[in-house]
Amino acid sequence: MKTIIEPFKIKSVEPIRFTTQKERTRILKEAYYNPFLIRAEDVLIDLLTDSGTAAMSAKQWAGMMEGDESYAGARSFFRFEAAVKKITGMKFIIPTHQGRAAEKIIFTLIGGKGKYIPNNTHFDTTRANVEFSGAEAVDFPTEEGKQPEVIAPFKGDMDIPALENFIKKTGAKNIPACFITVTNNSGGGQPVSMKNIRDTKTLLRKYNIPLFLDACRFAENAFFIKKRERGYADKSPLQIAQEMFSYADGVTMSAKKDAIVNMGGFLALNDDTLATNARNLLIITEGFPTYGGLSGRDLEAIAQGLEEVLDEHYLTYRLRSVEYLGNKLTDAGVPILQPPGGHAIYIDAKNFLPHIPPNQYPGQAIVAELYQAGGIRSVEIGSVMFGKYGKDGKLISPPMELVRLAIPRRVYTQSHIDYVSEVVIEVFQRRNTLKGYKITYEAPQLRHFTAHFKMM
Ligand SMILES: *Cc1c(COP(=O)(O)O)cnc(C)c1O
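Parameters and conventions
Residues numbered from 1 in each chain as written. Predicted model: local features only at pLDDT ≥ 70, side-chain atom pairs only at ≥ 80, totals over all residues. Heavy atoms only, no water. Pairing = 2+ DSSP bridges. Helix = DSSP H or I, 4+ residues; strand = E, 2+ residues; numbered from the N terminus. Axes fitted to C-alpha atoms, helices over the stretch in contact; angles between N-to-C directions. Buried < 20%, exposed > 50% of the residue type's maximum accessible area, 1.4 Å probe, protein only. Left-handed = near helix turned anticlockwise from the far one by under 90°. Contact = heavy atoms within 4.5 Å. Nonpolar A, V, L, I, M, F, W, Y, C, P; charged D, E, K, R; others polar. Lys, Arg positive; Asp, Glu negative; His and termini not counted. Salt bridge = Lys/Arg side-chain N within 4 Å of Asp/Glu carboxyl O. Phe/Tyr/Trp six-rings, centres within 6.5 Å; stacked < 30°, edge-to-face > 60°.

## Considering the sheet that holds strand 11 (residues 379-381)
Across a sheet, paired strands are connected by hydrogen bonds in the backbone, their directions being either parallel or antiparallel.
Argument step 1. Strand order in the open sheet made by the three strands is 9-14-11, with antiparallel pairing throughout. The open sheet has two free edges, formed respectively by strand 9 (344-348) and strand 11, since each of these has just one partner strand. The sheet shows a mean angle of 35° between the axes of neighbouring strands, taken without regard to direction.
Argument step 2. Bridge count for strand 9 against strand 14 (residues 402-406) is five bridges, and the pairing is antiparallel.

Structure (C-alpha cells):
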C-alpha cells in the first residue's frame, strides 16, 4: 500500500515562531506551568486542542465572502440549516456560537436539582453545564474503555447494563435525557459502535428517556464504523452518520471540530415544545434564531465544512495521520491509550511516570516537559481536569491520567508530526528525572483552564 497523503495542497501559509529552551523555561514559569496561560506565539507546534484550530478550505473562505449578514432570515442560515438537516434529519436546527452554548440552553431547560444526566463520558464543558444547572452528570464507560492498553474497536461505547441498573435505581422520571458522545473525547477519542447507539436507544425507549448525541466528531466516528463494524464497509460516511442520528432525539455539536471551522455550534431537536423554549432562551443569550451568536459568513463556512468532512479521502487522511503518530510512539515504547483515537493521541501518564502519584499530577509534569523540551503544547486530561475533592479534602482522581496531543484538522504536515514524536520519545527516555506538581491556585469550576502550578 502506498503512503496516505494529505488530500489537499497548501495555498496559504502561516509562519511559526522558534524559541530557545532557555526562553521556554522562563515562559513556562511565568505561565505557572499551565499551558493555557502561554501565549500562542510562544508555541512551536500547538496540540492543545483540535477545537477551532482547523485550516479552512478555499471553498469555505469563498463562502465567507458569500455570507448573508441580514439580521433575520439570512440566506446563509437556510444553507446552514439544510446542511445540518441533511446529516442529522432533525426538525429544528438552532445555531449557537459554540458547543457549550447549546449545552447551556439544553441543560437550563431539562436539568436542575434532583435530575441526572447519563453519558458514555461527559466532556468537561458538558459536565460543567449539567452541574451548573444543579443536575448530576454520570458517566457509563465500558470496562475496556477504562483500560488504556486494551486494544478494541469501540472503546467509546456506553456500558448499557450499568446504564439500565442506574435507570432502575434512580427512576426514569429523574433522567430527562441520556447523552452519547461521539467520538468519546474524554475517553480517548474512541469511537462508539452503531450497535451500541442502537441498543442504547432501544433501552431508553423502554423508559421513555430521550437520547441526545454530543456529535462534535460524528464524521470521525462514522468512518471508524465504516472501517470496523460489520455491515458498514460499503456504506458512505454520510449514510452512516444519518443512521447514527436516526436513533437520536436531539443533538448538541461544536462546529469547531467536525465542521472544520474556527467558531460555531448548534442544537438540533425533534420536539416542538423543547425547540420553542430553546429558541426563546437563544434570543436572550445568543441572538435571533436565524443567526444565534454567529455571523452569516460563519454559517456558510459550517455548511461547506460539513460537506467536506464526510469526504472519504479526507477521513482516510485524518484517521491515518493520528494513527501515524500513535504508531511512532508505540514503537518507541511510549505508553499511549490504545488504539489511537480519531483526533488525538493520549499519552498514558500513569504508566509513563509511575513514580509520580495522581495527587502530584503526572500528566501536568509531561505537559510542562513537552513544552520545555520542544515547544509543543499539549493538555492534561486527568486529575487536574477532572479531579474533585472529597469531604475530607482529599483529591478524588478519575480512572485515567492522560496527556492529550490533539491534532488540528488540515494544519500540520508529516514532518511536524515526526518532530513531535521525536520530542515525546526524548522526554520518555529521561522520564525518571521528571518531578510532580502541586496546585497553588484554582477556580471552583473548570479549574484546568486557569490553575497555577508549582513543581514539587
Ligand atoms: C469541544 C466539545 C464540546 C464543547 O464545545 P465548544 O465549542 O468548545 O463549546 C462538547 N463536547 C465535546 C465532546 C467536545 O469535544
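## Overview of unusual backbone geometry
Argument step 1. Following Val182, the chain continues to Thr183 via a peptide bond in cis, the omega torsion being -20°.
Argument step 2. As for its placement among the helices and strands, Thr183 is situated in the loop between strand 5 (178-181) and helix 7 (194-207).
Argument step 3. Residue Gln338 is joined to Pro339 through a cis peptide bond whose omega torsion reads -15°.
Argument step 4. Here Pro339 shows up in the loop between helix 12 (312-331) and strand 9.
Argument step 5. The backbone of Tyr33 sits at a positive phi, close to 60°, despite the residue not being glycine.
Argument step 6. Its place among the elements puts Tyr33 in the loop between helix 1 (21-30) and strand 1 (45-46).
Argument step 7. For Tyr33, a relative accessible area of 13% corresponds to the buried category.

## Regarding the packing of helix 14 (residues 362-374) against helix 16 (residues 414-429)
Argument step 1. Packing of helix 14 against helix 16 brings their axes to within 10 Å, and their N-to-C directions diverge by 115°. For the pair helix 14 and helix 16, the sense of crossing is right-handed. The segment helix 14 lies against helix 16, with Glu369, Leu370, Ala373 and Gly374 engaging Tyr419, Val423, Val424, Glu426 and Val427.
Argument step 2. Residues that form the contact of helix 14 with helix 16 fall into these classes: six nonpolar, one polar and two charged.

## Focus on the side chain of Asp214
Argument step 1. Here Asp214 lies in strand 6 (residues 211-214).
Argument step 2. It is Lys257 that comes nearest to the buried, bridge-free Asp214 among opposite-charge side chains, at 6.6 Å.
Argument step 3. In contact with Asp214, not counting residues within four places along its chain, are Glu103, Phe123, Thr126, Phe179, Ile180, Thr181, Val182 and Thr252.

## Some points on the packing of aromatic side chains
Argument step 1. Per the stated rule, a full pass over the model turns up 16 aromatic pairs.
Argument step 2. Ring geometry for Tyr71 versus Tyr291: centroids 5.0 Å apart, planes at 75°, classification edge-to-face. Of the two residues, Tyr71 is situated in the loop between helix 2 (58-66) and helix 3 (75-88) and Tyr291 in the loop between helix 10 (272-285) and helix 11 (296-308); the sequence distance between them amounts to 220 residues.
Argument step 3. Judged by centre distance (5.0 Å) and plane angle (20°), the rings of Phe179 and Phe212 are stacked.

In short, geometric facts, not functional conclusions.
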